[in-house]
Amino acid sequence: MRETRQNGFSTRAIHEGYNPLDYHGALNPPVFLTSTYAFDRTETGANRFAGEQEGYIYSRVGNPTVSVLESRLASLEGGEAALATSSGMGAITAVLWTLLNAGDEVVADKTLYGCTFGLLHHHMKRFGVSTRFVDLTDPAILDQALSPATRIVITETPSNPNMRLVDIAAIAERCRKAGVHLVIDNTYCTPYLQRPLELGADIVVHSATKYLGGHGDLLAGAVIAGKELIDQFRYVGIKELNGACMSAFDASLVLRGLKTLTLRMDRHCETAEMLARDLEGHPAVAEVYYPGLKSHPQHLLASRQMRKMGGMIALELKGGLDAGRKFMNGVTLATRAVSLGDAETLIQHPASMTHATYTPEERLEHGFTDGLVRLSVGLEDYDDLKADLLGALDRL
Ligand code: 7XF
């Protein structure tokens, strides 16, 4: 992948957007625990509210600690600007609610994180917005799926939970021609592994709760896009629609996480790749979904679009749902928990947990079974994880 700035990715993950000498030499950006900002004169406040003068007015709209994080994320994703939010769902709703009106349509890939699916499938229609769920692994499907009412195409790649990939450049090209915004949820990859804006997407969203924070100690989200869009998401989406602003304290924690992002991702990817091979070779396993495996149907696309293959693995056991449950109860090092991207290896059951918003029929229709088990490979020693996972499989 080409680095577009003077400094490389790791350097920017540590330094971008902050100069200690601007803040009494403090090595780390200070945490500005303030809800509001004093104006020297009435006119200053009025001018800032009118957008005629730069400056902070209220921390729902901006905060100096959060601003450092926003510049850093914009730089890492190769975007003009960024908006930090209180959660990934805060980022997604800020984008959708700002851009959509009653009567508009969304086209979404058929596999999405459970709450994004729930939002689009169950709730947006209450406000007159309908969603078509299609299989975006075939970009040509957009030729039929887009209508004059379509405003947004949204997808994850790889998808949560079943690791399907979409060809971002091919989809972006079609969206551009149709004048539709392409939104990519880049949570699974982080900008270190994949940069959708460079491939033609318009808007990137993240759950920064995951790899960007990296330590399972916060909820956070982000949107990265052109400045005009980010201004709309900030001044309409966050300020007036959902209020999902990021706190200065959480911004400070995400900034700390970002300093080790590349080191952590390298290790997540390396261990996951080895474990995926081990799991694939076990007699109790029916299927392993990991883009780094040659058996993955989009292995070539993954090699083209992603720097490395990521830390997420999904698998199906030959004994289906029952075996999946026993396997999850049988591990002793991996932690049974939802979320992902933490130092700890996490194991969870999408059908009853992260994707319980789908009915069993919808899960099948949307491309994953009730037996699927999802692993977020952590930073523990590979040998220990291998012993834990293969041991639990042997005991089935
Ligand atoms: O609001 P959050 O920070 O939890 O982020 C929502 C979200 C958005 N996009 C993707 C691809 C996600 O995976 C998530 C959150 N997913 C967690 C998971 O799959 O384990 C949530 C636990 S229920």
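The coordinates are above.
Residues numbered from 1 in each chain as written. Predicted model: local features only at pLDDT ≥ 70, side-chain atom pairs only at ≥ 80, totals over all residues. Heavy atoms only, no water.

Judged by nonpolar contacts, the single largest core of 101 residues is most densely connected at Ile 203, Ile 313 and Phe 327. Here the element with the most residues in this core is helix H11 (residues 261–280); it accounts for seven residues. Discounting residues that sit within four places of it in the chain, Ile 313 has contacts with Ala 272, Leu 275, Ala 276, Leu 279, Val 288, Tyr 289, Tyr 290, Val 373, Arg 374, Leu 375 and Val 377. Val 134, Leu 136, Ile 168 and Ile 171 belong to the second largest nonpolar core, which has 16 residues in total. (Core = buried A, V, L, I, M, F, W, Y, C linked by side-chain atoms within 4.5 Å. Buried < 20%, exposed > 50% of the residue type's maximum accessible area, 1.4 Å probe, protein only. Helix = DSSP H or I, 4+ residues; strand = E, 2+ residues; numbered from the N terminus. Contact = heavy atoms within 4.5 Å.)

With that out of the way, let us pick up the pairing of strand E9 (residues 312–317). Buried residues dominate E9, accounting for six of its six residues. Here E9 shows no split at all, with Met 312, Ala 314 and Glu 316 on one side and Ile 313, Leu 315 and Leu 317 on the other all buried. Pairing of strand E8 (residues 285–289) with E9 involves four bridges; the strand directions are antiparallel. Its bridge partner being in E9, Val 285 is matched across the sheet by Leu 317. (Pairing = 2+ DSSP bridges.)

Before going further, it helps to examine a nonpolar patch on the surface. A cluster of nonpolar side chains, contributed by Trp 97, Tyr 235, Val 236 and Leu 241, occupies part of the molecular surface with about 340 Å² of accessible area. With three residues, helix H9 (residues 227–242) is the largest single contributor of residues to the nonpolar patch. Mapped onto the fold, Trp 97 is located in helix H4 (residues 88–99). Owing to a relative accessible area of 33%, Trp 97 belongs among the partly exposed residues under this scheme. (Patch = residues over 30% accessible without salt bridge, like charges linked within 9 Å, V, L, I, M, F, W, Y side chains within 5 Å. Areas by Shrake-Rupley, 256 points an atom, 1.4 Å probe, with all protein chains shown as cover. Salt bridge = Lys/Arg side-chain N within 4 Å of Asp/Glu carboxyl O.)

Across the sheet, which stays open at both edges, the five strands sit in the order E8-E9-E12-E11-E10 with mixed pairing between neighbours. Since the sheet does not close on itself, it has two edges, and those belong to E8 and strand E10 (335–336), each with one partner. The sheet contact formed by E10 and strand E11 (residues 346–348) spans two bridges and is parallel. Opposite Thr 335, over in E11, you have Leu 346 as the bridge partner. Contacting E8, E9 and strand E12 (373–376), H11 runs over the sheet at an angle of about 10 degrees to E9. (Axes fitted to C-alpha atoms, helices over the stretch in contact; angles between N-to-C directions.)

Mapping Thr 345 onto the fold places it in the loop between E10 and E11. Filtering out sequence-adjacent residues up to four positions away, Thr 345 remains in contact with Ala 334, Thr 335, Leu 375, Ser 376, Val 377, Gly 378, Glu 380 and Leu 385. A polar side-chain atom of Thr 345 sits 2.8 Å from the main-chain amide nitrogen of Gly 378. (Polar contact = N/O pair within 3.5 Å; in protein donor to acceptor, adjacent residues only side chain to side chain.)

Further remarks concern the site of the ligand. The environment of the ligand is made up of 19 residues, and the closest members are Asp 185, Thr 209, Lys 210, Ser 339 and Arg 374. One of the side-chain nitrogen or oxygen atoms of Arg 374 is found 2.7 Å away from an oxygen atom of the ligand. Protein chains shield 89% of the accessible area of the ligand, which is 530 Å² for the free molecule. No other element matches H4, which puts three residues into the shell around the ligand. (Near = heavy atom within 4 Å.)

Attention now goes to the pattern of salt bridges. Scanning the model with the defined rule gives 17 salt bridges in all. The shortest N-O distance in the salt bridge between Arg 151 and Asp 104 comes to 3.5 Å. One end of the pair, Arg 151, is in strand E4 (residues 150–156); the other, Asp 104, is in the loop between H4 and strand E2 (105–109), with 47 residues separating them in the sequence. Note that Asp 167 and Arg 304 form a salt bridge whose closest N and O atoms lie 3.0 Å from each other. Here the residue Asp 167 occupies a position in the loop between E4 and helix H7 (168–178), and Arg 304 occupies one in helix H12 (residues 299–305), the gap between them amounting to 137 residues. What makes Arg 304 exposed here is its relative accessible area of 59%. What you see here is one network of salt bridges that share partners, running through Asp 109, Asp 135 and Arg 164.

Across the sheet, which stays open at both edges, the seven strands sit in the order E1-E7-E6-E5-E4-E2-E3 with mixed pairing between neighbours. Two strands lie at the open edges of the sheet, namely strand E1 (81–85) and strand E3 (130–134), each paired on one side alone. Put simply, the sheet's adjacent strands are angled 20 degrees from each other on average, direction ignored. Two elements, E1 and strand E7 (residues 221–225), share five bridges in a ladder whose sense is antiparallel. What sits directly across from Thr 85, in E7, is Gly 221. Sitting on the sheet, H4 is in contact with E1, E4, strand E5 (181–185), strand E6 (203–207) and E7, with an inclination near 150 degrees to E6.

Attention shifts here to unusual backbone geometry. The peptide bond linking Thr 157 to Pro 158 adopts the cis configuration, its omega dihedral lying at -5 degrees. Mapping Pro 158 onto the fold places it in the loop between E4 and H7. A cis amide bond links Asn 160 with the next residue in sequence, Pro 161, at an omega value of 15 degrees. Phi is positive for His 24, which is not a glycine, with a value near 60 degrees. Within the chain, Ser 339 stands out as a residue other than glycine whose phi angle is a positive 80 degrees. Tracing the backbone shows Ser 339 in the loop between E10 and E11. Of the residues examined, Ser 339 reaches a relative accessible area of 21% and is grouped as partly exposed.

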